[in-house]
Every structure is written in C-alpha cells, then in structure tokens.
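# Structural characterization, general
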Amino acid sequence: MPSPFELQVGWRYVRAGRGGRRNAFISFISGASMVGIALGVMALIVVLSVMNGFQKEVRDRMLNVIAHVELLNYSGQALPDWQATAAKARQNPAVIGAAPFVANQSLIARGEDMRGAVIRGISPAEEATVTGLGAQLKDTYARLVPGAWNIVLGAELARQLNVGEGDKITVVAPGGQVTPAGVVPRLKSFNIVGVFHSGHYEYDSGLALVHVDDAAKLFRTDGPTGVQLKLRDVHDARRVAADLAGQMGPEILVRDWTRSNATWFDAVQIEKRMMSIVLTLIVAVAAFNLVSTLVMTVTDKQSDIAILRTLGASPRSVMGIFIVQGAASGIIGTLAGVVLGLLIAFNIDVIVPAIEHLLNVSFLPGSIYLISQMPSDPQSGDIVPIAIGSLSLAFLATLYPSWRASRVQPAEALRYE
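Residues numbered from 1 in each chain as written. Predicted model: local features only at pLDDT ≥ 70, side-chain atom pairs only at ≥ 80, totals over all residues. Heavy atoms only, no water.

Under the annotation held in an unreviewed UniProt entry, the chain carries the name Lipoprotein-releasing ABC transporter permease subunit and is attributed to Pelomonas lactea. Regarding the chain, the relevant UniProt record gives this comment under Subcellular location (unreviewed entry): "Cell membrane". Per UniProt, the chain has the following entry under Sequence similarities (unreviewed entry): "Belongs to the ABC-4 integral membrane protein family. LolC/E subfamily." (UniProt positions renumbered as here; feature names shortened; annotations may be inferred.)

Okay, here's the thing in structure tokens:
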C-alpha cells in the first residue's frame, strides 16, 4: 500500500498545473480523462437503468395477463383431475394461487373481417388468484357464465373487428366436423360482454377470454387442459418450475413465463449485454487516456524523480507516486460518473418531459410505442460492476507509465539540469 509520502506527492501531481502555465496542458489532458471516465460511467448507468425500466414495465404488463407457471398435459388433452394437480402444486411453498384453463388458437370472424387469436377458457372465480387482470376485471369476468357463450376480447382485437360490448362474433375452432358433405369447419357464435386493455399489444390484439366449460366444449377437450400458478416471487419462476417438474411426473409439462416468452426474454438480455459492451469501450478509451497523461507527466517530472531517488526514494516508491496520481483521476472520474448517472436515472421522469417540452418533440408517442413515458430502474447489480470495472481499467492504465517512472536513472535525468 502507498505510504503517506507517496500519497501526498501523487495527489500533488494530480493538482499540478492548476496554478501555473508550465503543466497546464498536462493538467488539461488529465481533466479530459476524468471527464471522459465520468461521462462513460454516467452513460452506462443511465442506459442500463432505462433498459431495466423498459424490461420491468413490459414484464409487469405481460404478467398482468399470464400466469407465472403453467402445468399442461403433454398429450394436449384434458388433465385427468385438475383439482388434484393444483393441490399437489400448492404443496410447494412458493405457489400462492392456482386456476384451471383451456387455450387454443382459433379464428374470430365478424362479417368479412377475420382475425387469428388465442381463445383462453378461464374460471372467473379462480382467475383472480393467478393474474392481475383477473383481479381488476372481476365484474367483467363474472359475466362469463357457463353455457351462455359469452366472450371478452382484447381492446385492439375488438378495434380491428370493429365490435364492442353487446355485439356478436363467430369463433372458428380448429379441426373440422365430418358430415356427409365432407369436412366443414366448426363454428360457434359468442356474445361480447366486455373488452379488456392490458397495455401489452400482443395480448390486446390476440387474446379472447371465455368460460373454461365453454372452451372445453368448443375444443372438445372434456375439461381443463392445464393449471395456471401464481408464485410469491416472479423472479424465482425457473427454479420453482424445475422443482414442480420433479414433483409432477413425466406426464405433466411445466412451463414458466420466461420460457413461454423465451424469444422476448432472451432478446432483451442480449441487447442489454451488447449495450454494456459498447458503452464499456467508451469508459476504456477514457481510462487509457490516463496512459498518455502519465507518460507526459513522467517526462515532465524527470528531474523531480531524480531528486527523489537521490534523497532515498526507492523505485517502488516512485512507482507508487504515479499509481496514486492515475488512480486518483480514475476514482474522481468514476465517483462523478456514478453520482451524475444516479441523479439522471432517478429523475429521468422529470428530465425527459422537460427536454420534450423544450424541443417540442415526443420521444415515445403513445400511438406507436407500448410505453409513452421513459421508465428507469437503477439496480445495484449493474451500478457496482460498472464502478468496479471503471476503477480497474483506470488502475491498469497506470501500471506501465508508473513502471517507466521507476526506471528513471538519476544521473541521466540530471545530466543536463
């Protein structure tokens, strides 16, 4: 560890040139390096916080509609006893809710308009225990009475079909019906008793809800084909799904929400990783500017180094002085970047609207994007590695110039003084 002597001299070199002209250029380069590190760290924190915010916002809207874990019959047919399956799943302490369901792809027609959608049969009473949408739309779901052939459509799907509450639509079920005239599609008329808006385009445009008994009759499954589960911790879905797979046996397919939406989930992770790498390169460039700063400082301080050596300073002490100088610049730049990044990340909901008002633009038009406001979710799991990485790069950048300083020979340095 550097001694107080090395810390004092190294810190004096950090401040060198502030009061005179001789080292003004070196001081400027050192300041530019610190600013570069600060801007790079700030950009990393802000970008990753915004990406975390988008991920959290979309995930919450997604999980407002779908369950955390699904238990399905591998054969695609009805579960022999869905109540027993749900009871067995509830034995896991992480499971706090269970509800039966039937789901299948179908066509929904209204006159000449036709759209593909997932028809999900639900139990209105149990649905509120597994999805946020079920809890929000209790009154609407109560209209899904078995045998009444009522249906609730997503808002975008209803708009595309130009229908609303009180209208009728026709559902074309997969698999035809064999008649003397040949195979004809199976059609069933439904009454629209409600429209839901989840805030997630995929579900608003491609999901329709009916009673589980009506869905079982429509798709000829003779009962629920799966059980939806709600967990205490949504982030624990993969582990709980693995535990349930071992408990349920080979005839039950266990699928958690991250695997049901694997394409989206993996794309977000890859995008976040790539952005981290790109922005880390910015920090690396700024950190290695310290190399040029220290090389120029070593060249400028040749006589100082020689005098220190003649007074008894060891090569190790000289090396420590310049390591302190470079590390101090890295620490100042990193701390400034962390503070600025957190200030922006925690106040981005104020900063972005102010910029939009000033420039008279809208960065996220509600008619185009899923989210109309810039979200932000700073996480220590991102910020701590960013700070450690920046400090590590700054420290590595000091090693070579410091080693060169320790190799200066006093006689050579003082020959022309």
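Next comes the rest of the description.
In this section: the overall build of the chain. Scanning the chain for helices and strands turns up 17 helices and 9 strands. Counting every position in the chain, which comprises 417 residues, the buried fraction comes to 48%. Counting contacts in the chain only where the partners sit at least 6 residues apart, residues at least 24 apart contribute 78% of the total. Approximately 21100 Å² of the chain is accessible, and the part contributed by carbon and sulfur atoms is 59%. (Helix = DSSP H or I, 4+ residues; strand = E, 2+ residues; numbered from the N terminus. Buried < 20%, exposed > 50% of the residue type's maximum accessible area, 1.4 Å probe, protein only. Contact = heavy atoms within 4.5 Å. Areas by Shrake-Rupley, 256 points an atom, 1.4 Å probe, with all protein chains shown as cover.)

For soluble globular proteins, nonpolar side chains are generally found buried alongside one another. In terms of nonpolar packing, the biggest core is built from 37 residues, with Leu71, Val227, Leu229, Leu244 and Trp257 touching the most fellow members. Considering each element in turn, this core owes the most residues, 5 residues, to helix H10 (residues 237–248). Sequence-distant contacts of leucine 244, defined by excluding residues within four places in its chain, comprise Val69, Ala89, Asn92, Val95, Leu229 and Val254. Ile108, Ile119, Leu153 and Phe190 belong to the second largest nonpolar core, which has 22 residues in total. (Core = buried A, V, L, I, M, F, W, Y, C linked by side-chain atoms within 4.5 Å.)

Looking now at H10. When the terminal C-alpha atoms of H10 are compared, their 16 Å separation across 12 residues agrees well with the 16 Å that a helix rising 1.5 Å per residue should span. Turning to H10, its buried residues are Ala237, Val240, Ala241, Leu244 and Met248. All buried residues of H10 project into a common sector of 100 degrees when viewed along the axis, lining one side. Of the residues in H10, the exposed ones pointing more than 90 degrees away from the buried face are Ala242 and Gly246. For H10, the secondary structure elements touched by its buried residues are strand S1 (69–73), helix H3 (82–90), strand S2 (95–110), strand S8 (226–231), strand S9 (252–256) and helix H11 (257–260). (Expected span 1.5 Å × (residues − 1). Arc of directions from axis to C-beta.)

As recorded in UniProt, the feature "transmembrane region" (unreviewed entry) lies at residues 25–51, 277–298, 318–343, 350–371 and 383–400. The span residues 277–298 is 100% helix and 0% strand, and its two end C-alpha atoms sit 32 Å from each other. With 100% helix and 0% strand, the stretch residues 383–400 has end C-alpha atoms that lie 28 Å from each other.

Here the focus is the side chain of asparagine 92. Examined against the element boundaries, asparagine 92 turns out to sit in the loop between H3 and S2. From its side chain, asparagine 92 meets the backbone nitrogen of alanine 94 in a polar contact 2.9 Å long. (Polar contact = N/O pair within 3.5 Å; in protein donor to acceptor, adjacent residues only side chain to side chain.)

Another point: unusual backbone geometry. Although it is not a glycine, arginine 220 adopts a positive phi angle of roughly 55 degrees. Looking at the element boundaries, arginine 220 is found in the loop between helix H9 (212–219) and S8. With a relative accessible area of 48%, arginine 220 lands in the partly exposed category. The phi dihedral of asparagine 360 is positive, around 60 degrees, even though this residue is not glycine. Judged by relative accessible area, asparagine 360 falls into the exposed class, the value being 72%.

A complete count under the given rule lists 10 salt bridges for this structure. In this structure, lysine 56 and aspartate 60 form a salt bridge, with 3.2 Å as the shortest nitrogen-oxygen distance. Remark: aspartate 60 and lysine 56 occur in helix H2 (residues 24–63); sequence separation between them is 4 residues, near one turn of the helix. Of the residues examined, lysine 56 reaches a relative accessible area of 37% and is grouped as partly exposed. Here the residues in one salt-bridge network are Lys56, Arg59 and Asp60, joined through shared partners. (Salt bridge = Lys/Arg side-chain N within 4 Å of Asp/Glu carboxyl O.)

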